[in-house]
Amino acid sequence: MSASKRDELVQKALASFYKGGFHAIGMDRLAKETGVSKTAIYKHFRTKEDLILATLRLRDEQFRNWLRRRIEALASDPEDQLLAIFDALGEWFEEPGYRSCMFIKASSEYQDNSHPIHATAAEHKRLLAIYFADIARKTNASDPESLARQLLIIKEGAIVLAHLHDHRDVTADARALAKTAIDHALDG
């Protein structure tokens, strides 16, 4: 399998895992959904977990790049960029295939903190917090790291609730909570 075929497999596996979950998607079903034989899959990935890790790395790169681009397109002022996090999320929630967060799912299905899949999910969230803190520093927030953690908590809650309830209400409420946290951090 060429590198482009391997990349195509990872992309298709990502879609399957995102839609169906990690444990629920067995190798037979994955082969069927991706159009790649199990033999070919195992030539590039020793285990299903290795393939899951590859899909998580791809999703991390895709999501963080998308979020950064959307935030920068929606706002130029750092304070407005922090609020734009939630505007971008609202756009994501509108997508027809939206099914919550792949990393939340991964950490739920692989709950042992030392498991590589759990650790990869945690790393994704850590990198988002660093990005939020970088923006918060530009606002002269009293404690940019704390503000970043608060925004991450609001973001994570919004992602879960947007999958369960009316995403428009969730987006508006999350944005309002974020505004309160930002205002508090700038007043402090």
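For the structure, see preceding data.
Conventions used here
Residues numbered from 1 in each chain as written. Predicted model: local features only at pLDDT ≥ 70, side-chain atom pairs only at ≥ 80, totals over all residues. Heavy atoms only, no water. Helix = DSSP H or I, 4+ residues; strand = E, 2+ residues; numbered from the N terminus. Contact = heavy atoms within 4.5 Å. Areas by Shrake-Rupley, 256 points an atom, 1.4 Å probe, with all protein chains shown as cover. Lys, Arg positive; Asp, Glu negative; His and termini not counted. Charge placed at Lys NZ, Arg CZ, Asp CG, Glu CD. Salt bridge = Lys/Arg side-chain N within 4 Å of Asp/Glu carboxyl O. Buried < 20%, exposed > 50% of the residue type's maximum accessible area, 1.4 Å probe, protein only.

### Some points on the overall build of the protein chain
Check the secondary structure of the protein chain and you find nine helices and zero strands. Secondary structure of the protein chain in N-to-C order comes out as α-α-α-α-α-α-α-α-α. C-alpha extents for the protein chain along the principal axes are approximately 60 × 30 × 30 Å. For the protein chain, the proportion of contacts with a sequence separation of at least 24, taken over those separated by at least 6, is 66%. When the accessible surface of the protein chain is summed, it comes to about 9700 Å², and 51% of that surface belongs to carbon and sulfur atoms. The centroid of the 27 positive side-chain charges in the protein chain is displaced by 9 Å from the centroid of its 28 negative side-chain charges.

### Let's talk about the pattern of salt bridges
Under the definition given, this model contains 15 salt bridges. Across the pair aspartate 50 and arginine 46 runs a salt bridge whose closest N-O atoms are separated by 3.7 Å. A relative accessible area of 21% means that aspartate 50 is categorised as partly exposed. Notably, a salt bridge pairs aspartate 166 with arginine 168, separated by 3.2 Å at the nearest N-O pair. One network of salt bridges, with partners in common, ties together Glu79, Lys179 and Asp183.

### Some words on the environment of tyrosine 110
Inspection of the secondary structure assignment puts tyrosine 110 in the loop between α6 (102–109) and α7 (116–138). Since its relative accessible area comes to 8%, tyrosine 110 is described here as buried. Measuring from C-alpha to C-alpha, the distance between tyrosine 110 and alanine 185 comes to 35 Å, with 75 residues separating the pair along the chain. Those residues in contact with tyrosine 110 that sit more than four places away from it in its chain are Phe22, His23, Glu49, Ile52, His115, Ile117 and His118.

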